[in-house]
Every structure is written in structure tokens, then in C-alpha cells.
Amino acid sequence: MASNNSLLYFLLLSSLSLLSATSLCNLPLPLPSATLPSASFPSHFFTISSGSFSGGHPLFSLSPPSSRPNSFSFLTKSSFHTRSPGLFRLSGTIILRGTHPPSTNRSLLHLHRVRPRLPLHHRYAAVSFDLDGFWSEPDSLLCMHGPGIILSSRGNAIHSNALLKLNFSKTSTLTSPFVTGTLQSSDEPVNPNYFDPVSLVSFAEKNYEYTETSHAKSVCGDLSVQEESRGLGGEFSCEQLRGLLEGSFQLEYGRDCLNGHCDPVRGALGFDQDYMFSNQLDCSDDGKVHMYLVFTNESRSMSRSFMIGEKGLVVEGFWDGETNRLCLVGCDVVASEEDSRKNLSISECSFGLSFWFPSVFSIKSRSVAVGRIWEGKRESKIGNFTMIPFGTTANYMSNLAKLKYKYTKVEVVRGFCAKVDHGKKGKGDFPDGRSFRDMRFRFDVKSKEGKGFSGIASPISLGNNFYAALDLADNATQLDSDNGYLNISYRIEYNLDQGSKKQMKISAEGIYNPKSGALCLIGCQYIGSSDTVRQARVNDSMDCEIFVNMQLGSLHGKPAEHVKGTIRSLREKSDPLFFDSVEITSRGIYFEQAAESMWRIDVEITMVLISLTFTCLFLGLQLYQLKKNPDFLPFISILMLVILVLGNMIPLVLNFDALFVMRRSKQNILMWSGGWLEVNEVVIRVLTMVNFLLQLRLLQVAWAARSADVSKTGLWVHEKKTIWICLPLYLFGAFIAWLVHTINKSGRHTLWEDLSSYAGLILDGFLLPQVIFNVFFNLKGKALAHSFYIGFTLVRVLPHVYDAYRSRHYVPFVKSSYIYASPNDDIYSLAWDIFVPLGVLILSVVVFLQQRFGGSSFLPLRLRRSGEYEMVPVSSSS
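Everything numeric here is computed off the predicted structure, so don't read it as measured data. (Residues numbered from 1 in each chain as written. Predicted model: local features only at pLDDT ≥ 70, side-chain atom pairs only at ≥ 80, totals over all residues. Heavy atoms only, no water.)

Draft legend 1. Up close: the overall build of the chain. When its secondary structure is counted, the chain shows 16 helices and 33 strands. Across the 878 residues that make up the chain, the buried fraction comes to 49%. Sequence-distant contacts in the chain: of pairs separated by 6 or more residues, those separated by 24 or more amount to 69%. Taken as a whole, the chain presents about 43,700 Å² of accessible surface, with 55% of it coming from carbon and sulfur. (Helix = DSSP H or I, 4+ residues; strand = E, 2+ residues; numbered from the N terminus. Buried < 20%, exposed > 50% of the residue type's maximum accessible area, 1.4 Å probe, protein only. Contact = heavy atoms within 4.5 Å. Areas by Shrake-Rupley, 256 points an atom, 1.4 Å probe, with all protein chains shown as cover.)

As C-alpha cells, then:
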């Protein structure tokens, strides 16, 4: 019997070479011939780090958003030889990441979701299958089968099985650079767990065979480059090259001016997309490089994952260390019309490319990497081609070693700047220009029509030094010896409309006067291909007729005076490139002010902890006194205790997180606590809870003592009178707060925030109900311990005293950073910081007089009550 099975297995293995690719995937899994992994084809040989897929409904949407395309990865865990030559046993995991369809009635609905931190319009999901199978080297076919776990709409785990087929060649070349295949459900279509076939495609990452490097060398040798380029700094490094080529490249098609119109030169490449991405890149140790390039009209894309844009090229070549250039030849990638993610094929290989890295920046050339691309037959000379230049659109502040900046517009700027800055020293001290943090700022833009939007200005260089490489302690930074001006360059970006993706991107350079804080710049912007631009007779890709004038605030100025200025066009109004001037305002603080604010926050956290600790101590002393003299309990105002309880319950339940969850877009520079703030948050929560429980205990024992003593029913009558007097006062104050909020429409506070501040004012006057209650009852006795009402008075007074000090000695950056004496907890201003402490101290003095001489002792003689109720302390033990 055993010999028959061996014979059948031998015949099965012998017939593998005669079977078709489809039949191969239906065979039983072959057994591995050894326990050691395959050395010729290790597991990482089959790994796919990033690929693209389509299909898979209802698991994934058929139309994913462009900002989050469907992607997959394949990780092999093991690879073993089998008894059949050329057949390898594999195990691995495939992970699909994509977008849920909007709705479906199928059971395969909710996958393992990636929960977003911010509200999104699309729901993302990921599903994985653990697969086991084999790879046939002669057929270049990978077949694997295995289970996956998917969560249903009800949260139940559904077990599904899938079959993976990949066309995986032993080697990849310029004409066969892709891995394609499908992932199919093993269930029948009538099964609710069935999903449509998934089409897979990725760029081959391993075992690439270079065949066109000699042609790349001959093509690149005919290309002349005028500007000086820099090398990779020593030996060839693929990681460094990948970093330099990261991000988007903008193609500059140039302009052809005929009949008074200047149109972009398009069509020379056979396509007209504006941006190029180095999507996938791999190298060999000897400097050979192959890449997959994507062309699209979107300037921002997920370049780290495999993309399929409007156009694609596969290229290969080498790094020329003598000329410091990357020389490449490429082939056109053609996607099938019915499904761009199902079939990718290679068309003509007639493209040439060259990348290099300039060693000098200027106002018109700020790309870390630049190059040329052209299309033409192999036999043609390079001079017969129309070359399209390109350059990176970002990555200013990295890879700047050995770079220099060449200023070309400084003399032009001086003429314009002399009209607005006379070189005089301004009022106060201004940034010296050496700190990147101080010279970089976000700003608000206001147009002539009153529209508002936001932007950012980032410095690039100071003198001949780039800010990324500038030693902030180096006092030898070059200054203009004649008048003390600093040469400086900037990158300025702002939205053209609220919520719009269109941006004004300006490359600017000019001079900065550290004595007066005046910043004068000439700017250039890239000219697009709109109908308005076509009317301009400009045979150039950039418009450099832009003047930027800014005034920086002093180092100790207010945030509202941080930066003010304008951006305007120097062209005539009739010029198609003319644009209306815009005003710039920036609210912010300098680095030194931010450090002071952090110290202030630490002080305020300490003051909050001290205040809560002493509040708990004062409550404990009050409860201790009442325990010794319980007869005083009925004579404490219930309304006063309710106010104190609510004053701690509301921030504990509703508003406590507002102390720590700040608007990070306005003050992320302040959140440098490194976890210490979170520790204090826990301590403050605990103290606030203890404070609340002690006040609740005080209210409970006072209420119980008054309700238990039938002879004290008159006290409830006086309590009601107190409520009838206080409640209208509180409601009238709330109405005034609402009225002020309605009139002051330009204020930044919400109605809830204003009412919360007014609630703090009520809490400041917590003794008012006790004072009125004592007047009605004409009580003479020590119902409240001195430590209680005097201590609570100091706790309410000190924040106003501190706020008066803070407003004169600290920069009011954003009030949401105030932890102690926060505007959300009380009303703070110079007037209120005087009025509130005075009023609270008066109430405390009145309570002292009432408990010593009687409830109406502070009133005029004609208003005093004829009799008084005097309490004599009696020990509870007696």
C-alpha cells in the first residue's frame, strides 16, 4: 500500500511540468524536502512592501478616494525546497488596505477599521489572509491558499478563504517590471461571505536585471549642464538618493509666445501632467538604479505607496560619480482602459532622464533635486529633443550640506525698502534674525474684498548660511557692514480662498533690519497655464514682480503686534498677472516668550495644586468644628453650600478637560511638558474629587441637622427668603452676561464660555447667601469656622491678584493656556481684578461681624432687628 502511494506521488510530481498555470493552483500542496530554508530564494525574495489593487466588492469600495488609494502588502514567512525541481513551498500573509463602500446589505461589511483621530468622510479598513502554497520557478507562478478573519456588521468573526495567484518572475527587467495577479474568494458566489476577485499589481523590488545602463551612459554624456552640482558625499548610498528624490517634482514646460499669447509648451513628451513622483526606487551597490515614475496633476500624493497615476514610466540607469548626475532611460507604461489596476504593459522605451543636485540656490532655483526629461528615438542626437526641466517642490530644510545661496534681487529690494524703512532703530528690541523659530511665523491674510485665509512664511537662508545648518550661537553670521542689514530668503505660502486647495507659493529674498524689525522682500511665483496667464506676454516660467513688506514686533510686544505687512504686485492693473494687494497679520510669540510661558504654566499648575490642597484643609477644619459643636449645623446657609458643591461639580464633570486640552493649532509650542502635565492632571483630578466629596458631606450633614430638628422649621422660612433674594440677582446677572455676549459679536468667546465665567463670579460671592441668611435670622454665633470662610475668601481672591500681576509681566499669548486664573473659570480684567477681591473681602468682614455681634449688627440702627438668636457652643460630649 505504501509503495503504491509513493508511486502515485512520484507520478504527480513528474507531471507538474506538463500542467498549465491554472491547473498548477489546483494541485495539493507539495511537501518540503528539507527543514532548512531555501538559500537561492529566501523568504524576503517574495516580499512585496507596497502594491495597488482594485475590486473586492463588498469588502472595499470600487471608487476609493485619490488621497487614500487601495494598497496591499505581501510578507512571506518561510521558503523551502520541495522534491520537485523548481518548486518551492511558501507561507505568508497578504494584507489589503482600502475604503469601505458607503453602504451594503452584504454580511462582509465591517473589517478591521483604522479608527481616525479626526472626522473623515470615508471609512478605512484592512483585512489579512494567512496563506500557504508554492512558487513554480519555470512558470513564474505563485499560488497560495488560506483563511482570513473578517468582522461582520454585527461584530461577529466570519471565516473566509481565498486563493492568491501572482505572476512572479525570477528576475525583472525594464520591459517586465511588474508583479500582477489576483486574490479570489474560495466561496461560491451565492455564499454571503463571497467577495469579487481582487486585481493586484506592484513594482518588482528584488532581483532586477539591468540591461540598458550602457545606453543611459551614452545618452547622458551628450547632455550639458551649466550649473554646478554636488555629489552624494562619499560612497554611493541608495538611502541618501531616495531621500533626495523624495516628494513631487514640478515639470516646467516653458512658454511659446505667439500673437501676443504665451502658451505652455506641451506635447513634447506625449503627455502634459504637471507633477512627477519617484514612486518606487531600488539600487545596487555599484550605483545602478531603477525606478517607477508617476505623472499626475496632483501636487500631493502618497508617494511611499505604489501609485498608478495618469501616466507612468519605468526607468533604469546609474549614478555618474564624475559628473554627479543620475542618468536614466525609460519605457512608457500603458494601463488598460477597462481597469487601470488590472493590466500594466510596457510600450516604447524612448525616454531619457537626468537628475542632479544643485550646489547653489537662488530665488528662481530652490529645488534640492532638478533634472531634464525628453522623448526621442535612440538614433537621434540629444540636441534634437525638446527637453522639459523639472525640480522638487518641497524638501527645503533637508539635505542642505555644502549648499550656498546666491542673492540676485537684493539691490532691487533696497530701492523699495528705503521708502518704508529709513534704517532707524525701532521701539524695543527685535529678533536678530539668527533664530529660525523667531523668523518663521504663520499669518492671516485679508484681501481687498475682506476675505480671510491663512498662510505661513518660512526662512530659507540668512546671509550665506541655511537655517537648517546655521549655528544659533555663531555670532560670525555675515552682516552688511555698511548699514547692518541682513540678507535673507523666504518661502511664503497662503491659500487663495478659504478651504481652497489653490495656493499662492512665493519664493522671496531681500533684507532684514534687526534694529527696526523691518523685512523687505522681492518675490517670485511660478506661472501656471490658466487662461489669464496665457494673455501675459511673459516668456518665462516665473513672475518676479512681487513686493513683500513686513514689520516684525518687538521681543516683548503683544501677540497682536507680532507681524504686520502687505503682499502686492508691482505690475500695472492692466497686466494679466496683476493681483490685488493683501494684508498680513500674525498673532504669536517669540521663542524666548514661549520659554517664559512654559515657566508660567508650571507656576500655575503648582498654584492650582496648592489652592486645591488648602481648600480640602479648610473643609476638613469646618467639618471638625461642626463635629465638636453640632448645634451650629442648622445655621449654615444651604444655598451657600449648594453653590460651593456646584462650583466643584461642573468643572469636574463637564469642563475639567478644558484645562488641559488646548487648541494645539494656536499653541503647540507651549506643550513641551514631556508628560509632566499629564501627571499633574491626575493629581488635580484626585484633589478636585476629594474637594467635591468634602463639600458634599458638609451639605449633607447641614441638611440632615436642619431637617431632623422640628424646632428649627423657621430656618427653612429664612432660607426661602434668602433664595428669593439671591436667585433674581443671579438670573439678572446671567441676563447681563448674555446681553454683553450678544452685543460683542466680534468676541472670540462662546455663550457657554461667557456663562461659565459668570458662574465663577457667583462662586466668588459664595458668602452672600450666608450674609443674607444671618440678617433674616439675626444669628450671633460661630456657625462658620474662621479658617473656612477666611481661607475660601483667600482662595477666591488670589487668582485675581495673580491675574493683575500676570497681565503686566507676561505676554498674553492665548488665554486658553491659562491654567490658574483661567478666563473660563471667572471674569478677569483690570477692573474686575480690583472689584471682585474688594467685594469678597467685604463679605468676609461682614460674616465676621455677624458671628461676633449679630446678623444685623452691620446695618444702621433703624434697620436692625429687635431681637437676636445667640448660639452658645456646647460640646457634643456633654
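Draft legend 2. Geometry of the pairing of strand 26 (residues 486-495). The element strand 26 is extensively covered by neighbouring structure, given that 8 of its 10 residues are classed as buried. Two elements, strand 24 (residues 452-462) and strand 26, share 7 bridges in a ladder whose sense is antiparallel. Looking across to strand 26, one finds that Ser458 is bridged to Arg491. Pairing between strand 26 and strand 27 (residues 503-513): 10 bridges, direction antiparallel. Bridge assignment links Ile488 to a residue of strand 27, and that residue is Gly510. (Pairing = 2+ DSSP bridges.)

Draft legend 3. How the structure looks around the state of the cysteines. Here the structure, examined in full by the defined rule, presents 5 disulfides. The side chain of Cys238 participates in a disulfide bridge whose partner is Cys283; the two sulfur atoms lie 2.2 Å from each other. Looking along the S-S bond of the Cys238-Cys283 disulfide, the torsion reads about 70°, which is the right-handed sense. Of this pair, Cys238 sits in helix 4 (residues 238-244) while Cys283 sits in strand 13 (residues 275-283), and the two are 45 residues apart along the sequence. A relative accessible area of 17% means that Cys283 is categorised as buried. Sulfur-sulfur distance for the disulfide between Cys524 and Cys544 comes to 1.9 Å. Measuring handedness by torsion sign, the sulfur bridge of Cys524 and Cys544 sits at about 115° and is right-handed. Separated by 20 residues along the polypeptide, Cys524 in strand 28 (residues 518-526) and Cys544 in strand 29 (residues 542-552) bring together distant segments of the chain. (Disulfide = S-S within 2.5 Å.)

Draft legend 4. Structural context of helix 14 (residues 768-777). Counting buried residues in helix 14 gives 7 out of 10 residues, a clear majority hidden from the surface. Those residues of helix 14 that fall on the buried side of the exposure criterion are Pro769, Gln770, Val771, Ile772, Phe773, Asn774 and Phe777. Downstream of helix 14 by a residue or two, Asn778 has a phi angle that is positive, lying close to 50°.

Draft legend 5. Spatial organisation of a nonpolar patch on the surface. A surface patch of nonpolar side chains, amounting to about 820 Å² of accessible area, comprises Phe732, Phe735, Ile736, Trp738, Leu739, Val740, Ile743, Leu751 and Leu755. Those elements that place two or more of their residues in the nonpolar patch are helix 12 (713-743) and helix 13 (751-764). Residue contributions to the nonpolar patch peak at 7 residues, all from helix 12. For Phe735, the position within the fold is in helix 12. Given the relative accessible area of 43%, Phe735 is considered partly exposed. (Patch = residues over 30% accessible without salt bridge, like charges linked within 9 Å, V, L, I, M, F, W, Y side chains within 5 Å. Salt bridge = Lys/Arg side-chain N within 4 Å of Asp/Glu carboxyl O.)

Draft legend 6. Up close: the nonpolar core. Core analysis: the largest hydrophobic core is formed by 49 residues, its most contacted members being Leu245, Met276, Met291, Leu326 and Phe355. Counting residues per element, this core draws most heavily on strand 14 (residues 288-296), which supplies 4 residues. Residues contacting Met276, with those up to four places away along its chain left out, are Gly247, Ser248, Phe249, Leu251, Leu293, Val294, Phe295, Leu353, Phe355 and Phe390. Counting residues in hydrophobic clusters, the runner-up holds 43 residues, among them Phe692, Cys726, Tyr789 and Leu843. (Core = buried A, V, L, I, M, F, W, Y, C linked by side-chain atoms within 4.5 Å.)

Draft legend 7. Examining the side chain of Ser611 more closely. Its place among the elements puts Ser611 in helix 8 (residues 591-628). Other than its neighbours up to four places away in sequence, Ser611 contacts Val795 and Tyr820.

Draft legend 8. Quick peek at the pattern of salt bridges. Counted under the stated rule, the structure contains 15 salt bridges. Between Arg806 and Glu604 there is a salt bridge whose closest N-O contact spans 2.8 Å. Here the residue Arg806 occupies a position in helix 15 (residues 786-809), and Glu604 occupies one in helix 8, the gap between them amounting to 202 residues. Look at Arg806 and you get buried, because its relative accessible area is 1%. Residue class for Glu604 comes out buried when judged on its relative accessible area of 0%. A single salt-bridge network, built from bridges that share partners, covers Arg600, Glu604, Asp803 and Arg806.

Draft legend 9. Seen up close, the environment of Gly839. With respect to the element layout, Gly839 can be found in helix 16 (residues 830-853). For the pair formed by Gly839 and Asp764, sequence separation is 75 residues and the distance between their alpha carbons is 8.8 Å.

Draft legend 10. Just the confidence of the model for the chain, in detail. Chain-level statistics for the chain give a pLDDT mean of 77 and a share of 73% at 70 or above. Overall, residues 866-870 carries pLDDT values under 50, and its contacts beyond four positions in sequence, including any with other chains, amount to 12 contacts. (pLDDT = per-residue confidence, 0-100.)

Draft legend 11. Fine view of the pairing of strand 24. Counting buried residues along strand 24, 9 of its 11 residues qualify, which places the element largely inside the surrounding structure. Here strand 23 (residues 441-446) pairs with strand 24 via 6 bridges, running antiparallel. By the bridge assignment for strand 24, Asp444 is matched with Ser454. Bridge count between strand 24 and strand 25 (residues 465-466): 2 bridges; the pairing is antiparallel. Its bridge partner lying in strand 25, Leu462 is registered against Asn465.

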